[in-house]
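Structural features, examined
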Amino acid sequence: MTAEPGKTWPLSTPTFCRSIDVLDGTYRLRYHAFVGGRLGGRLDGSSSSRANTDLELIARLMAGESAALADIYDRYAALVYGLARRILGDDALAEDVTQEVFVFVWEQPQRFDPSRGTLRAWLGLLAHRRSVDRVRAEVRRTHREGQTEPVVSVINTEADVDD
C-alpha cells in the first residue's frame, strides 16, 4: 500500500513506513511517521497533539495516577537514557540518571512549567543537568583521590622508616 502526503491514516497510534530515495545513483532509506493520522509527521512527534497529550499526562501525574508516569516513561525513556549515555559514556550511570529523572518527575510533577517549554525539553534538561552533575562529582572524586594518594604514600614511607 502506498501512502500519499496529506492522506489520512486510520490508525490512532503513530506508525512508521520506509521509502527509498535515489540520489546520484545511491539509495537512501528514509523513515516517515504517521502522526495524528497524517503521513509526513516528524519522527520525534513534535506536534500540537503531542503537546496537548503531554499536558494531559502531567495533569494525570499531578493527580497521582501512576499510569501517567508509565506513559511518560514509555514515551521519553529512550530520550533521557540516550542523553545521559552520551554525556556519561557509561550504561550503568545512564540507567541511574534515567531512574533519578523519572523519580523526580513522579515526586515533583508540579515543577513542570508548560510556559517554559515542552515536556520533552524539560525531561531532556533534567537528564542533562543530572548527567553533568555526575560528571562533576566524578571529577571531584578523582581529584580528591589524586590529592590524598601522595599523603598516603608519605605516611607509608614514614611508617617504614620508624621500623
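As shown above, the structure is provided for reference.
Residues numbered from 1 in each chain as written. Predicted model: local features only at pLDDT ≥ 70, side-chain atom pairs only at ≥ 80, totals over all residues. Heavy atoms only, no water.

Right, let's get into the overall build of the protein. Within the protein, the secondary structure is distributed over 4 helices and 3 strands. Of the regular secondary structure in the protein, the N- to C-terminal order runs β-β-β-α-α-α-α. For the protein, buried positions account for 21% of its 163 residues. Contacts in the protein between residues at least 24 apart in sequence constitute 47% of all its contacts with a sequence separation of at least 6. Looking at the protein as shown, the accessible area adds up to about 11400 Å², and 53% of this sits on carbon and sulfur atoms. (Helix = DSSP H or I, 4+ residues; strand = E, 2+ residues; numbered from the N terminus. Buried < 20%, exposed > 50% of the residue type's maximum accessible area, 1.4 Å probe, protein only. Contact = heavy atoms within 4.5 Å. Areas by Shrake-Rupley, 256 points an atom, 1.4 Å probe, with all protein chains shown as cover.)

Counting 23 residues, the largest nonpolar core has Ile72, Leu119, Trp122 and Leu123 as its most contacted members. The set of elements that each furnish at least two residues to this core consists of α1 (48-62), α2 (66-88), α3 (91-107) and α4 (119-162). Sorting elements by how many residues they give to this core places α2 first, with 8 residues. When near neighbours in sequence (up to four residues on either side) are disregarded, Ile72 contacts Leu57, Ile58, Leu61, Ala77, Phe102, Leu119 and Leu123. (Core = buried A, V, L, I, M, F, W, Y, C linked by side-chain atoms within 4.5 Å.)

Residue position: Thr98 is located in helix α3. Exposure remark for Thr98: the relative accessible area of 6% places this residue in the buried category. Beyond its immediate sequence surroundings of up to four residues, Thr98 is in contact with Tyr73, Ala77, Val80 and Tyr81.

Attention now moves to the pattern of salt bridges. On inspection of all chains with the given rule, the structure shows 9 salt bridges. Note that Asp71 is salt-bridged to Arg60, the shortest N-O span being 3.2 Å. Taken as a pair, Asp71 in helix α2 and Arg60 in helix α1 lie far apart in primary sequence, 11 residues in all. Assessed through its relative accessible area of 33%, Asp71 is described here as partly exposed. The network of salt bridges with common partners includes Asp96, Glu100, Arg130 and Arg134. (Salt bridge = Lys/Arg side-chain N within 4 Å of Asp/Glu carboxyl O.)

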